[in-house]
Amino acid sequence: MAGGVTKLGWFKNQIAELSSESKKIIVYMVGASPAESPDIPLAMERNFSGTEWKGVKTFYCPGGLNYDKMNFFSRFAMKMLAKSLTSKKDATEKDKDMAQMISHSYDISDKKYIEPILAELK
């Protein structure tokens, strides 16, 4: 959520044990950003150090936003983010595009994004 990974602390505590058992370690992240967003690799780097990435295969699958399924706090936070992006004095085109995108529900998921994960599991 917002560039973070749910249950990340728990997962990081498992990496050493799983690595010692010669297990394949895969992390897939689902988010509201398009797959080609330059923010995706940055978010991955913020969540894991270089040594933590060793032996971990990572994948990103775009999802979307569904305001009907969000709790009040999440809906409010998203609406405030959209408003802050559009009201910035020096708003960039990227800011405006993001504000437009997150101002309503959308689904950019596609089964093609799980194909590399399935190939890794074989």
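Preceding this paragraph is the structure being described.
Our subject in this report is the structure included herewith. (Residues numbered from 1 in each chain as written. Predicted model: local features only at pLDDT ≥ 70, side-chain atom pairs only at ≥ 80, totals over all residues. Heavy atoms only, no water.)

Quick word on the overall build of the protein chain
The helix and strand inventory of the protein chain stands at six helices and four strands. When the elements of the protein chain are put in sequence order from the N terminus, they spell out α-β-α-α-β-β-α-α-β-α. Along the three orthogonal principal directions, the C-alpha set of the protein chain runs to about 50 × 30 × 30 Å. Counting only residues that meet the buried cut, the protein chain has 28% of its 122 residues in that class. Considering only residue pairs separated by 6 or more positions, the protein chain has 74% of its internal contacts joining residues 24 or more positions apart. (Helix = DSSP H or I, 4+ residues; strand = E, 2+ residues; numbered from the N terminus. Buried < 20%, exposed > 50% of the residue type's maximum accessible area, 1.4 Å probe, protein only. Contact = heavy atoms within 4.5 Å.)

What to know about the packing of aromatic side chains
A full pass over the atoms with the stated rule returns one aromatic pair. Here the aromatic rings of Phe-72 and Phe-76 are separated by 6.0 Å at their centres, their planes lie at 20°, and the arrangement is stacked. Taken as a pair, Phe-72 and Phe-76 lie in helix 4 (residues 72-87) at a separation of four residues, close to a single helical turn. Looking at Lys-79, its charged tip hangs above the ring of Tyr-67, at a distance of 4.5 Å from the centre. (Phe/Tyr/Trp six-rings, centres within 6.5 Å; stacked < 30°, edge-to-face > 60°. Lys NZ or Arg CZ within 6 Å of the ring centre and 35° of its normal.)

Details of the pairing of strand 1 (residues 25-31)
Only one face of strand 1 is covered, namely the one carrying Ile-25, Val-27, Met-29 and Gly-31; the face carrying Ile-26, Tyr-28 and Val-30 has none of its residues buried. In terms of strand pairing, strand 1 meets strand 2 (residues 56-62) through seven bridges, oriented parallel. If you follow Met-29 over to strand 2, its bridge partner there is Tyr-60. (Pairing = 2+ DSSP bridges.)

A closer look at a nonpolar patch on the surface
Nonpolar side chains collect at one region of the surface, where Phe-72, Phe-73, Phe-76 and Met-80 lie side by side and expose about 490 Å² of accessible area between them. One can find Met-80 in helix 4. Accessibility expressed as a relative area gives 41% for Met-80, which makes it partly exposed. (Patch = residues over 30% accessible without salt bridge, like charges linked within 9 Å, V, L, I, M, F, W, Y side chains within 5 Å. Areas by Shrake-Rupley, 256 points an atom, 1.4 Å probe, with all protein chains shown as cover. Salt bridge = Lys/Arg side-chain N within 4 Å of Asp/Glu carboxyl O.)

Topic: the side chain of Asp-95
Mapped onto the secondary structure, Asp-95 falls in helix 5 (residues 93-102). Residue classification places Asp-95 among the buried positions, given a relative accessible area of 12%. A distance of 2.8 Å separates the side chain of Asp-95 from the side chain of Lys-88, its partner in a polar contact. Not counting chain neighbours up to four residues away, the residues in contact with Asp-95 comprise Leu-85, Lys-88 and Asp-90. (Polar contact = N/O pair within 3.5 Å; in protein donor to acceptor, adjacent residues only side chain to side chain.)

That is the geometry; function is a separate question.
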